[in-house]
Structure formats: C-alpha cells, structure tokens
Amino acid sequence: MKVPWTWLNEYVDLPWETQEAADRLTMAGLCVEEIRYEKLDISSVVSAKILDVKPHPTKPGQKIGLVDTGTGEFQIVSGAPGFAKGNIILVALPGATLPGGLKIEPRGLDGVVSQGMAVCSNELLNGQPPRPFEDIILLPPGTALGVSAGQLFEIDDWVMELDLTINYSHCLGILGVAMEAAALAKRPLKLPKVLEAWSWAGTYGSIKPESYDEGAPDFKIDLPEPELCPRYVGKIVENVRFAYSPVNIERRLQLAGQRPLNLVVDVTNYVMLETGQPLHAFDADRIAGNTIIVRSSKPGETILTLDDAERELPENTILITDASGPIGVAGVMGGNTTEVTEDTKRVLIESAYFDPLTVRLASQKLKLRTEAALRFEKGVDPTAQAAVAERAADLIARFSGGTPVSGYAETNHLNVEPKRIVLHMRTVERLLGETFSPATCREILERINFQVEESNADTQEAIAVTVPPRRVDIHEEVDLVEEVARHYGYDSFGTGDLSKAVPGGLTDPDLLCVDRIRDFLVSHGGLECITNSLVNPEHLACLGWESDDPRGNPVRLKHPLSSEESVLRTSLLPGLIGVAASNIRFGIQGLFIWETGRVFFPAADRLPIETRQIGLVSYGRLKPKTWLGGPEESGFYRMKGVVDSLMDLLGISDVSYLPKAGMPFHPGRSAKIVANMSTVGEIGDLHPVCLKHLDIPVPVTACWLSLEALLAVVKPKEYASLSKFMPVERDLAVIVPEEVSGGDVIDSIRKVGRHLASVILFDIWRKPPVPEGHKSLAFRLLYQPQDKTLTEEELAEDRERILEELRQRYNAVLRS
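Residues numbered from 1 in each chain as written. Predicted model: local features only at pLDDT ≥ 70, side-chain atom pairs only at ≥ 80, totals over all residues. Heavy atoms only, no water.

**Q** Help me get a handle on the overall build of the chain, residues and values and all.
**A** Of the regular secondary structure elements, the chain holds 22 helices and 41 strands. Seen along its three principal axes, the alpha-carbon backbone of the chain occupies a region of about 140 × 60 × 60 Å. Looking at the chain residue by residue over its 816 residues, the buried ones come to 50%. Put simply, 69% of the contacts in the chain that link residues at least 6 apart link residues at least 24 apart. (Helix = DSSP H or I, 4+ residues; strand = E, 2+ residues; numbered from the N terminus. Buried < 20%, exposed > 50% of the residue type's maximum accessible area, 1.4 Å probe, protein only. Contact = heavy atoms within 4.5 Å.)

Okay, here's the thing in structure tokens:
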C-alpha cells in the first residue's frame, strides 16, 4: 500500500515531518517499510497566457501562438484544441527538460520557429506524446504567469510504502490511514463532502442522507446467489464526455502505483485507493437488457477480460453478467465487451460486496492478483457501497461534465448490525500487564471512531464498545485490547514485571504437566517436531485406516490450496512418519522424534472436534557404540520403556498393555495402552504393508497417547519412607501356554504376593525342554517389608501361594 504524503494530508493536517509520521504509524502497527521521495525530471515548464493565435500558413490544423510567461514572450506552434487566445496553459520553454530525458529546443515547422511546447499531461508526467483525444493542460483563469509546474501541481512528493497485515484491511485506503494518523495526532479528520454527508466514517457505517434524492434509475440488479454477492449498487452517470484526468489525480495515481488510463477508469481507481472500496465502471449502453445479474460461473464458460485475454472461468467464480452473458469477473477484473471507451456516453458505476473467500479463490485460479481482489478478499465495509458510488459519480461529473442520475439501483440482502463488545479493565490489565482506567480506554477508542458507553456488567470496571462496520478485523474483546495498546503506544509501556500479561500464568496444572512431558521427552533423546495440521488424505489411507475408523474419515477443507493439504489430521503419526521417511531418504541412521498437538474429527456441528495428542516415532540406531557401552537401537521395547517412564513421571500406576493394536501397527508387535481401565493410546512397530506404501525400507516404531486422557488420570507423586530392612531377591520360572501374556502373570503375582517391592520379567524361553505351544517366563521377585526381616519359611509360603494362583489361573507349571 503506497501512501502519497500530500494526498494523506488532504484528509488530516499532521503536525509531523514525513519520517516522524512514518515512525508513529509503524509503532501503531501500520508498518512503514520504506519512505522515498518521488521526483520527476522537469525544468523550465511554467504557466503562460496565450496572447494571440493565428493559423499556420502551410500546415492545416496547426496554429501559431504568442504566449506570455510574465518574464517574456515566446512563439509556440501547436495543434491542440485548447490552444486558443486568452487561455492560460503550461509551456515548456527553450532548454526545458521533461521525464525520460526529453529536452525542448527551438525548432522550425515549415519556416515557422516554435520556441517551446504547449504541454499535455502525458508529456508532463511521462515524457510521452499526447494520447488519443488528449488536449493540452488548461489552467484556471487568473493563474499567475511564470509559475513552475512543480508549484502548480503535486509533481514531487514523499511516498510511504506500508506493509499491512490482514488485520489492517481498514487501512487499504488513504482515508483509513488518515483516520489512524488523525487519532495518533489528535487532529480532526477531513472527509470529502459526499462522504461526510453519508457519515462514511461513523460508528454505524454509511447512512443515506435525509436530503438524498432517491430517483428511479432504469436498471435492475438480480442477485440469485446472495451468499456470493449479498449487496450490489449501480450508479448511473449520463452525458459523460471522454477525457483524461486532471494532472493531480493522474500524478496521485502514479505515486500510489496505478497507471492512469482515462477519467472514468481513473476515478474508480482513485476512489478505491481513497476509501478501500473497489469500484468498476461499465459502458451502460453496452449492458444487454439494462440488467445486472451476479451469479456463479457455469462449466466451460469463458470471458474476454480487459487485458484482452480469453479466460476459462473456474467453477464457482462470481460473475457479473447481463442478458447476453459474462461481462466481468466479480472483484477481480472487468470484461472487454462493456469497457469504457472514447465513445462511452453513459456509465454504470458498480459498487458491491462480494464473498471474500470466493474472490480470493477466483483470483488465485485465474492468476489475476488485482488491487480490487486484494481488498475484497480481506473484507470491505458492508455499508459503504452507495456512499462510495456517489463519491465516484460526483468526481466524474465534476471533471467530465457528466450528469449523475438521481438515486441508484440496488439489491441488498445484508442486515448489518454493528458489533457491540464489552471491554473489561481486568482483561486489559491481564493482557497488557498495565492498569488502564475506563476513561483512558474510552478516550483512545473514541479517537478511532468507536462508540463507547458505560457497561451494564456487574463491575463498573468495564465499558461497552460499538464497533464500526468498516472494522471487519474486530471480533472480540482481545481485539479491542489491541486497539487500546496500539494507540496508547507500545513504546509507552514500562519494562516492569509482565507476569500478569501471561495468560494463565505459570500455575495452570495442565500447562505445567505438558511442560514436564516435553522436558521428559527431550531428556530421553527426543527431538520435537511441529508438523502441519493439514495433510494429504492419501497418507492417511497408507496407514490403513478405513472410512469406518474416525481416523480414516477426516474433516475435508472446502477450498484447499493444494490436494497435499486438503484434510485436517486425525493423528499426529502421519506427519511424524513423514519426517522420519525424509530423514531415512537423506541417510540419517536413526532418529527419535515427538510432537504434541491437536487432531481433528468430524462433528455434527459446523466445527470439528479437537483433541490433543502426543506422538512418538523412532527408527534405527539411536546411539552409537562407545567405550562406555554398546549401541542403542530403536524398537518396541525401547519405546515401551519411554512410555513406562512417562507414566511413572505422571504418577499413573495402573497401566497395562493389551496385545494387538489396530492399523497402522504390526499385529504381533503392538499393544493398546490402558490406564485406569481406559485406553489412552497405542504402541507398536509399523505394519509391513504401511511401510511398503510409504516406501520406508527400515522398521519404524510409533506410539500415540491422548493428552486429555493422560491429564485426566495424572496423580501427584506420593513419596514413601525407605525400608530399614535389607531387600531379598528370589527368582521364579513357570511354564505357561503361549497365549498367556507376561503382563497378566505379573499382575497375578502382585495380587497374591506379600511385601513385594517389584516384579520383573527377565527371561522368556520357548525351546526344549519347554513343550511346544508353551513358553517359560522367568521373574525376579524383590521383597522388602517395612517392618521386619522375612524368614525363609515366610518366603517359601509366599512362593507356594503365588504358584497356586498361577496354576489355577493359567495352568502354569514350575520350571525345574
């Protein structure tokens, strides 16, 4: 967004130099990326009065004139219509320079010497010959003679280039920037008369003046799809004379990055840059049936746009059509068939509200990034369409002699109610770390044209704020806090304790718990990843989740930017496995990565269900062999050890592993993780089919845990006093059927054993003499009572009690 300094100061008298203004705007959030002085190479171009004119003796259409610059008289030859006796014009004197290095010297034309040149706008601003039908510059009667072009017009000026984020869409017009600057300078805003009459900057948006002449334009607006275009205003201007814009308007457009074309088109661009509301001008006599229809495109439809390109229209593009077909791509570019030309006598000014997302998608698919599309996609004031159309009609009438038809054609499905938000002072203090009074907040918000009243809340430390419709970026209380901070001044905040500005502080139990989990995973050699919440549905299919599995039925985006990112993730594993696959391709021998993040599932409501997960993935050699010990390999049991340690850290003791988790895990090397009788996650090696689909050549181990489920069963650490008595170890080996799990046996031992400090499975044997279909499980039992030393008789009694339990429950046999 380029802002010419003189144009900005037309709406507010700023007390600062350009650099200070840029610094203040930047500190208020309107980042000024660059300030530069735009200067045209012009010299010896001054005002002069034509004293006498006579025809050229041999050149029909050419005239010989005597002009007075106040300091001398010069003979000029010109064929321009405005080169007539008594007119005050702009002349380039001998030795003058114009843009592009053009030098003016005396020259002969069939025996008649021309000592200079009568200048048109194109010559003055671009150093180029006159455009078709372009006349020389005519100055107002009474203009002093000998005044340079730089003094007469805004030729040279400072330009501020703003880099605006999406929440500053209200500053995509010079008036929006002027409102911000006026608030910062505490100076009044000066609106053009038409916009002032419509209360364009008011709290309740643009309102039709009481004295407005309604009229009845002979035009019909049809909006069959109001979700795409809920409001459309058409303003007619008749008796339009083809002309080029005044020098100041053309120069302002140039400084703002626009190319001047002709008066009507320039006015629509000028008013768009002024107000932020895009406009388009149609030749009204070329609109079939005097009817505008705004609809979505049909398959195979094409349009010849203003740049003379035949374009096939993407599906669901918003089109401006008449009875004959498309005449414009809504919010992007007009069509060639209704273009304003030198023959145009009647103009229809379009001022509308289009769906932002649909305009953005059409602009991207057509590869047309226009200034209009930029503004529509970020959102415009839904009340300003008629006021802005009237402003454009007024300018066209003023400079072309046209006549605006009373009233305007409109179809409006919008019912705009200004947002009303209660701002609590405690919220301001919590977010900014500083105390603000209601009076201070009121004064700041009223400066930017918000309406502020006393709140009916229980506490007096609150105000009720009515947000103008043009501020489409303001949605909730926190947005108002930002407005207060911006105009209070970020550099005005102290450097004291900001702990009050941290939401939730550092005492929230869930935040502290998640922080401990993150630290724990890092301490075990894990690298944290942050993967995209948008994933490729094919990657979900590669993990074997069917459509009846919630993880295989993701939330799909309505308008994805890419098929690679077209659904919301239902698990953290696809992203982490993708990271692992990339590292494997680049030759990384081993890796342990993890992530905490949100996953999404479809819901009956409009918004999906969100829940948090922990994802863990590892493969290969995690630590090399050193003189301190052997290498450390990834695998199921290492991952299980990490999970066990994590559960111990969280104080979750009732944890078991049930065999055979679902896809994408290997059926023989996977388990469901159960805590407090609820499944909290799954762990296992990836299924070979999944590895093949993902083109991963090495085994990969993964695990996911529901963060919400874990936080629900977290227990504080309970510390027990150490026993004063020596521990006693006993080993016990039993033969059980193959289908009996070691975890179940451990649970049974703990159930009947007495004074057991720990039970560890340290060996599994399936070879002879163990019978086929059975296995030998060897356990190390650690006894350590708190109140006595155990005797051999007590240990033997406990051993028999355990064996009897295992015989009855698992048909176990003591291995000799």
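Once the structure has been displayed, the description carries forward.
**Q** Describe the pairing of strand E5 (residues 73–78), and please don't skip the residues or the numbers.
**A** In this structure, strand E4 (residues 63–68) lies alongside E5, joined through six bridges in antiparallel fashion. Considered in E5, the bridge of Gly 65 is made with Ile 76. Following E4, the chain reverses through four residues before pairing antiparallel with E5; Gly 70 in that reversal takes a positive phi of roughly 90 degrees. (Pairing = 2+ DSSP bridges.)

**Q** Please provide a residue-by-residue account of the packing of aromatic side chains, values included.
**A** Under the definition given, this model contains 12 aromatic pairs. Aromatic side chains Phe 242 and Tyr 244 sit 5.4 Å apart centroid to centroid with 80 degrees between the ring planes, which places their arrangement in the edge-to-face category. Considering the side-chain rings of Phe 636 and Tyr 637, the 5.1 Å spacing of their centres and the 90 degrees angle between planes classify their relative orientation as edge-to-face. Lying across the ring of Tyr 244, Arg 131 places its NZ or CZ 4.2 Å from the centre. Positioned above the aromatic ring of Tyr 657 is the side chain of Lys 640, whose terminal nitrogen or guanidinium carbon lies 4.5 Å from the ring centre. (Phe/Tyr/Trp six-rings, centres within 6.5 Å; stacked < 30°, edge-to-face > 60°. Lys NZ or Arg CZ within 6 Å of the ring centre and 35° of its normal.)

**Q** Which residues make up the nonpolar core, and what are the values?
**A** Counting residues in each nonpolar core, the largest one holds 66 residues, and the members touching the most others are Leu 8, Met 160, Leu 162 and Trp 200. Of the residues forming this core, the biggest block, nine residues, is contributed by helix H5 (residues 174–185). Ranked by size, the runner-up nonpolar core spans 33 residues in total, among them Ala 284, Ile 292, Phe 354 and Leu 368. (Core = buried A, V, L, I, M, F, W, Y, C linked by side-chain atoms within 4.5 Å.)

**Q** Now, about unusual backbone geometry: what can you tell me, with residues and values included?
**A** Cis peptide bonds are those with omega within 30 degrees of zero, and the linkage from Met 663 to Pro 664 qualifies with 15 degrees. Positive phi outside glycine occurs at Lys 186, with the angle close to 55 degrees. Position of Lys 186 relative to the elements: it lies in the loop between H5 and helix H6 (193–197). On the basis of relative accessible area, Lys 186 is assigned to the exposed category, the value being 59%.

**Q** Any chance you could break down the side chain of Ser 363 for me, citing the residues and the numbers?
**A** When you line up the elements, Ser 363 lands in helix H9 (residues 356–366). If sequence neighbours within four positions are ignored, Ser 363 has contacts with Val 332, Leu 368, Arg 369 and Ala 373.

**Q** Run through the packing of helix H21 (residues 742–752) against helix H22 (residues 792–810), naming residues and quoting values.
**A** Taken N-terminus to C-terminus, the directions of H21 and H22 make an angle of 135 degrees; their axes are 9 Å apart at the nearest point. Taken together, H21 and H22 sit at an angle that is classed as oblique. Seen along the crossing, H21 lies across H22 with a hand that is right-handed. For the pair H21 and H22, contact is made by Asp 744, Val 745, Ser 748, Ile 749, Lys 751 and Val 752 and by Asp 798, Arg 801, Ile 802, Glu 805, Leu 806, Arg 809 and Tyr 810, respectively. Residues that form the contact of H21 with H22 fall into these classes: six nonpolar, one polar and six charged. (Axes fitted to C-alpha atoms, helices over the stretch in contact; angles between N-to-C directions. Parallel < 35°, antiparallel > 145°, perpendicular 65-115°, else oblique. Left-handed = near helix turned anticlockwise from the far one by under 90°. Nonpolar A, V, L, I, M, F, W, Y, C, P; charged D, E, K, R; others polar.)

**Q** Explain empty space enclosed by the protein to me, and be specific about the residues and the numbers.
**A** This structure, assessed with the given rule, holds four cavities of 30 Å³ or more. Estimated volume of the largest cavity: approximately 190 Å³. Along its surface, the largest cavity is lined by 16 residues, and His 170, Thr 275, Gly 276, Val 380 and Asp 381 are the ones closest to its centre. When grouped by side-chain class, the residues that make up the lining of the largest cavity number six nonpolar, seven polar and three charged. Lining of the second largest cavity is provided by Glu 315, Asn 316, Thr 317, Thr 358, Leu 361, Ala 362, Lys 365 and His 559. A per-class count over the lining of the second largest cavity returns two nonpolar, four polar and two charged. (1 Å grid on protein atoms, 1.4 Å probe; cavity = no way out; pocket = protein on both sides within 12 Å on 5 of 7 lines; lining within 4 Å. Points joined across faces, edges and corners; volume = space filled by probe spheres on them.)

**Q** A description of the pattern of salt bridges should follow, citing residues and the corresponding values.
**A** Using the criterion set out here, one finds 48 salt bridges in the structure. Of the charged contacts in the structure, one is a salt bridge between Arg 311 and Asp 307, with a shortest N-O distance of 2.4 Å. Judged by its relative accessible area of 17%, Arg 311 falls in the buried class. The exposure class of Asp 307 is partly exposed, given its relative accessible area of 36%. Residue Glu 446 pairs with Arg 442 through a salt bridge whose shortest N-O separation is 3.2 Å. (Salt bridge = Lys/Arg side-chain N within 4 Å of Asp/Glu carboxyl O.)

**Q** Describe helix H12 (residues 425–432), naming the residues involved and giving the relevant values.
**A** Among the residues of H12, those classed as buried are Met 425, Thr 427, Val 428 and Leu 432. Seen end-on, H12 carries its buried residues on one side only, within an arc spanning 160 degrees. Among the structural elements, strand E25 (419–424), helix H13 (438–447), strand E27 (462–467) and helix H14 (477–488) are those in contact with the buried residues of H12. (Arc of directions from axis to C-beta.)

**Q** Before we move on, could you go through the environment of Thr 203 and cite the residues and values that matter?
**A** Position of Thr 203 relative to the elements: it lies in the loop between H6 and strand E13 (220–222). Residue Thr 203 is classed as buried on the basis of its relative accessible area of 16%. Put simply, Thr 203 and Ala 256 are 53 residues apart on the chain and 28 Å apart in space, counted from C-alpha to C-alpha. If we ignore the near neighbours within four places in the chain, the residues touching Thr 203 are Pro 418, Asn 449, Phe 450, Gln 451, Thr 466, Val 467, Pro 468 and Pro 469.

**Q** Tell me about the sheet that holds strand E26 (residues 451–454), residues and numbers included.
**A** Think of a sheet as strands paired side by side through backbone hydrogen bonds, with each pair either parallel or antiparallel. Read from one edge to the other, the open sheet built from three strands follows the order E25-E27-E26, with strand pairing classed as antiparallel. This sheet does not close on itself; its edge strands, each paired only once, are E25 and E26. Across this sheet, the average inter-strand angle for adjacent strands is 30 degrees, counted without regard to direction. Of the pairings in the sheet, the one linking E25 to E27 comprises six bridges and is antiparallel in character. Directly across from Leu 423, in E27, lies its bridge partner Ile 463. The sheet strands contacting H14 are E25 and E27, and the helix crosses E25 at an angle near 70 degrees.

Geometry only, nothing functional implied.
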